[in-house]
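# Notes for the structure review
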10 protein chains.
Amino acid sequence: MLFHVQMTVRLPHDMPAAEADALKLREKALAQELQREGVWRHLWRIAGRYANVSVFDVPDNAALHDTLTRLPLFPYMDIEVQPLCRHPSSDRDNDY
Amino acid sequence: MLFHVQMTVRLPHDMPAAEADALKLREKALAQELQREGVWRHLWRIAGRYANVSVFDVPDNAALHDTLTRLPLFPYMDIEVQPLCRHPSSDRDNDY
Amino acid sequence: MLFHVQMTVRLPHDMPAAEADALKLREKALAQELQREGVWRHLWRIAGRYANVSVFDVPDNAALHDTLTRLPLFPYMDIEVQPLCRHPSSDRDNDY
Amino acid sequence: MLFHVQMTVRLPHDMPAAEADALKLREKALAQELQREGVWRHLWRIAGRYANVSVFDVPDNAALHDTLTRLPLFPYMDIEVQPLCRHPSSDRDNDY
Amino acid sequence: MLFHVQMTVRLPHDMPAAEADALKLREKALAQELQREGVWRHLWRIAGRYANVSVFDVPDNAALHDTLTRLPLFPYMDIEVQPLCRHPSSDRDNDY
Amino acid sequence: MLFHVQMTVRLPHDMPAAEADALKLREKALAQELQREGVWRHLWRIAGRYANVSVFDVPDNAALHDTLTRLPLFPYMDIEVQPLCRHPSSDRDNDY
Amino acid sequence: MLFHVQMTVRLPHDMPAAEADALKLREKALAQELQREGVWRHLWRIAGRYANVSVFDVPDNAALHDTLTRLPLFPYMDIEVQPLCRHPSSDRDNDY
Amino acid sequence: MLFHVQMTVRLPHDMPAAEADALKLREKALAQELQREGVWRHLWRIAGRYANVSVFDVPDNAALHDTLTRLPLFPYMDIEVQPLCRHPSSDRDNDY
Amino acid sequence: MLFHVQMTVRLPHDMPAAEADALKLREKALAQELQREGVWRHLWRIAGRYANVSVFDVPDNAALHDTLTRLPLFPYMDIEVQPLCRHPSSDRDNDY
Amino acid sequence: MLFHVQMTVRLPHDMPAAEADALKLREKALAQELQREGVWRHLWRIAGRYANVSVFDVPDNAALHDTLTRLPLFPYMDIEVQPLCRHPSSDRDNDY
């Protein structure tokens, strides 16, 4: 089941650079693991902003919540979720 | 080059059903043609709303504009555009 | 799987009363059928507004979309959807 | 009498983890006590956010206020309240 | 039990004057009846706008909803409801 | 002359409890003095929020401003002011 | 007593030109009469918009309301009112 | 050339009182100098808020910017600018 | 003097096509005349929307207002104006 | 390819002046280098605000993102991006 997720990162300006770097490294590692597992189906940067647009493929709402709250940057992100379903005009093989 | 586009359709309540149906048929035909050409890369329905989330792959801004304004439903849609680029944590083969 | 749905009805002022009444009757009949089937889990009126707060129990996002778009009042409603999951502090038997 | 309450938690980033954990423990204990007493009728997590949707059953507005302000996380939450009443299309046994 | 209600009237510009006048007369009659009964506790005009600020005294949420939806102008008003309770610093005799 | 005032209190999370308590005591004392003088005509708590709805009776705009800025919590409040006047449908003795 | 008023005019697109012209003529005549009487203290056009910024000098809130609702364009305007008072840094002779 | 400027002051709660007082003194001195020079044409307090509504008379946009950024409180203000011009219904001698 | 203007066109859906076409033709003719005169300094389409971003070079606010209200599409546009001035980091020859 | 970018700078009030000055110097140096390269096509100050309106000319979305994130003030700016294309009524030589 697919969900559209837009994440905007807002790190506090007074977070030490080393702490921020460590967070980002862990975030990247988990993001890549979730991509390999097929959970994080799409991941794009929004040009000009510290933000991304993503599509997650999870069994249900609870799995979506567990996945997002595992992200190291979760406490520093504004997150908007929209449930997706197949569009009647879509004939793409993998958009569902 | 990829663009994230969210479209919300607002047909006037007094549009005759036949006119609305004809518009939707033409919209669907063009949507499928654009998918076959690889221009309309992704197309999802937002659950519970007469709206979609899409990703377009076009050579430049002008091509994006020309594509969107060709859509039969264009005059009846609220459209939000966000330019996308590759995310540094992405290792998907086709997210760019 | 549960979804929180808030619906605000905006009937056009120039809709003939008979048409509005017929729509509402069909809406009520379907609402009650969906309650009997366990799909429309909760349904409350928001005091002072022509609006409701609801909880739907459906197998997936597509079923939610199909259910909501079957509602006779769908073209006249503003609908906001939020996916729900079990709260870690909940010990209610049926809130999931 | 029922009230729909949506709570979004915004803990300051510089709150010590021990203090946050203690607050959450006390919040959970009180939430469960209020559920046992039938006051906190429903409690759901909104997927992807540190927020919940709840329904409270209280004798009056004052009781709602007293209950919400007793919550240990109250000073850190954005709270939206909507008074509910029975929906004319509802035939659920306990939605009032 | 007290509720704060702000009502903004938006009559369609194409409503015939006679129809608007008749609506307003019926609204005024009911408003005065509800004041005599003690239900519509306060009623003020907001200077410069076709809007009012009111306080209603009703037994519960359902009574509030029934009262507001009986108003002849109800279909043409934006209504915002806020439940009130006694303020700990209030020593007024009748603000509860 | 009457003014509708809605005040939302936002104390900084790092204000020492003793300082906050002292502020609130002084606020309460002044609120009660202003009520005795007939200036603070109504004062209600909004259920579930650290906020109030009030009606002030003052000779003019300047008196309103002087009164509100004397409040010890003034620097920590979001304040919205709406000038009121008698409603043509009001027959209450003291709503002006 | 001074009030800051911002008015935005939104005439319906289907209002006959003659009707619109008549309304504007009557509006202008009354605006000039109110300026001569000293009630409409200032009147400026906001560049690029069908809107104005004004300052009214009236005895009280009721007089402000009566003045604004007498304007022929009142039913077609969005009006925002802010009560003004003398600024402690002002040394202008007539800004109060 | 006239500009309408609304300024809302937001001093940080942790600014030492002496620093705030010094800023305000310097702000007041410059405000009065600019009034004497005819640049700060009008200056009103918005009742109930730490904010003002002003009209500036400057040769051009650059002069407006230079004037506003010279204000000692500039870094702590939300500023909204609207260019003004003579209103066709105005017959005031000095509203341009 | 430069002004940044963003215009969004909202033609009524029931405007006859011939009337809309005639309006657009006149709009284009005037836009090109104003460009030749150097008044309409820049004009760009916002990709995916019936909207433009423009820069006007006019002697003062009144000239800006006169220019914008001469546009045939003026009654159908949402217009946002921002006064511009030279940026201290700019070394472009013609950005002022 | 052109992009319209609006940047609003929000430096933390507690940033040491020397650090802020150094950031601004580096920002200015890079802004001028990007202007010389033709990448930062236009740069204007919005009068009365610590903000600018800019037009960038870059090969694609990724280049826009790389350019903006290289700016020393990037972590302290709210940035809004709109893709531009040639307007059909434009006959300017360089607006594309």
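Predicted, not measured: the structure shown is a model, and the values here were computed from it. (Residues numbered from 1 in each chain as written. Chains lettered and ligands numbered in written order. Predicted model: local features only at pLDDT ≥ 70, side-chain atom pairs only at ≥ 80, totals over all residues. Heavy atoms only, no water.)

## A short note on the overall build of chain A
A tally of helices and strands in chain A yields two helices and four strands. What you see in chain A, going N to C, is helices and strands ordered as β-α-β-β-α-β. Projected onto its principal axes, the C-alpha coordinates of chain A cover approximately 50 × 25 × 20 Å. Expressed as a percentage of its 96 residues, the buried residues of chain A come to 59%. Long-range contacts, defined as pairs at least 24 residues apart, comprise 69% of the intrachain contacts of chain A with a sequence gap of at least 6. For chain A, the computed accessible surface area is about 4100 Å², with 50% contributed by carbon and sulfur atoms. Looking at chain A, you have 11 positive and 14 negative side-chain charges, and the mean spots of the two groups are 5 Å apart. (Helix = DSSP H or I, 4+ residues; strand = E, 2+ residues; numbered from the N terminus. Buried < 20%, exposed > 50% of the residue type's maximum accessible area, 1.4 Å probe, protein only. Contact = heavy atoms within 4.5 Å. Areas by Shrake-Rupley, 256 points an atom, 1.4 Å probe, with all protein chains shown as cover. Lys, Arg positive; Asp, Glu negative; His and termini not counted. Charge placed at Lys NZ, Arg CZ, Asp CG, Glu CD.)

## Considering the UniProt feature "domain: Muconolactone isomerase" (unreviewed entry) in chain A
UniProt tags residues 1-89 of chain A as "domain: Muconolactone isomerase" (unreviewed entry). Secondary structure across residues 1-89 of chain A divides into 34% helix and 36% strand, with the first and last C-alpha atoms of the span separated by 18 Å. (UniProt positions renumbered as here; feature names shortened; annotations may be inferred.)

## Structural notes on the packing of aromatic side chains
Both the distance between ring centres and the angle between the ring planes are used here to describe each pair of aromatic rings. Residues and elements named next belong to chain B. This model, assessed by the stated rule, comprises 10 aromatic pairs over all chains. A centroid spacing of 4.7 Å and a plane angle of 35 degrees characterise the contact between tryptophan 40 and phenylalanine 56, whose relative ring orientation is tilted. With tryptophan 40 in strand E2 (residues 40-46) and phenylalanine 56 in strand E3 (residues 51-57), the pair connects residues that are 16 residues apart, well separated along the chain. What makes tryptophan 40 buried here is its relative accessible area of 2%. (Phe/Tyr/Trp six-rings, centres within 6.5 Å; stacked < 30°, edge-to-face > 60°.)

## Looking at the relation of the copies chain B and chain A
Of the transformation placing chain B onto chain A, the axial shift is 0.0 Å and the rotation is 180 degrees, giving an RMSD of 0.0 Å. Those values place the two copies in the arrangement expected of a two-fold rotation axis. (Least-squares fit on C-alpha atoms with pLDDT ≥ 70 in both.)

## Topic: the interface of chain B and chain A
Across the boundary between the two partners, chain B contributes 32 residues, which contact 32 residues of chain A. Each partner contributes to the roughly 3000 Å² buried at the junction of chain B and chain A, and carbon and sulfur atoms together form 52% of this total. Ranking the residues of chain B by area buried against chain A places Trp44, Arg45 and His87 of chain B at the top, with a combined share of 22%. Between the two partners, chain B and chain A, sit zero salt bridges. If you look at where chain B meets chain A, you find 18 residue pairs in polar contact (both at pLDDT 80 or more). Those elements giving two or more residues to the side of chain B that touches chain A turn out to be strand E1 (2-9), helix H1 (17-36), E2, E3 and strand E4 (77-86) of chain B. Here the side of chain B that touches chain A takes seven residues from E2 of chain B, the largest share from any one element. Its residues placed into classes, the side of chain B that touches chain A shows 13 nonpolar, 10 polar and nine charged. The sheet contact formed by strand E2 (residues 40-46) of chain A and E4 of chain B spans three bridges and is antiparallel. Paired with isoleucine 46 of chain A across the two strands is leucine 84 of chain B, which belongs to E4 of chain B. (Buried area = accessible area lost by both parts, 1.4 Å probe. Salt bridge = Lys/Arg side-chain N within 4 Å of Asp/Glu carboxyl O. Polar contact = N/O pair within 3.5 Å; in protein donor to acceptor, adjacent residues only side chain to side chain. Nonpolar A, V, L, I, M, F, W, Y, C, P; charged D, E, K, R; others polar. Pairing = 2+ DSSP bridges.)

## Describing the interface of chain A and chain C
Each partner contributes residues to the interface: chain A has 11 residues there, and chain C has 11 residues. Counting each side, the surface lost to burial between chain A and chain C is near 780 Å², with a carbon and sulfur contribution of 76%. Here chain A and chain C share zero salt bridges between them. Taken together, chain A and chain C are joined by four residue pairs in polar contact (both at pLDDT 80 or more). Of all the elements in the fold, those that place two or more residues in the side of chain A that touches chain C are strand E1 (2-9), helix H2 (61-70) and strand E4 (77-86) of chain A. Class assignment of the residues belonging to the side of chain A that touches chain C gives a composition of eight nonpolar, two polar and one charged.

## Considering the sheet that holds strand E1 (residues 2-9) of chain C
Sheet architecture is closed into a barrel: eight strands sit in the order E1(C)-E3(C)-E2(C)-E4(D)-E1(D)-E3(D)-E2(D)-E4(C), paired in antiparallel fashion. Looking at each pair of strands side by side, their axes are set apart by 35 degrees on average, direction ignored. One ladder, built from seven bridges, connects strand E1 (residues 2-9) of chain D with strand E4 (residues 77-86) of chain D; its direction is antiparallel. From the neighbouring strand, phenylalanine 3 of chain D faces E4 of chain D, where its bridge partner is proline 83 of chain D. Each of strand E2 (40-46) of chain C together with E1 and E4 of chain D is contacted by helix H2 (residues 61-70) of chain E, which is oriented at about 75 degrees to E4 of chain D, the strand it contacts most. (Axes fitted to C-alpha atoms, helices over the stretch in contact; angles between N-to-C directions.)

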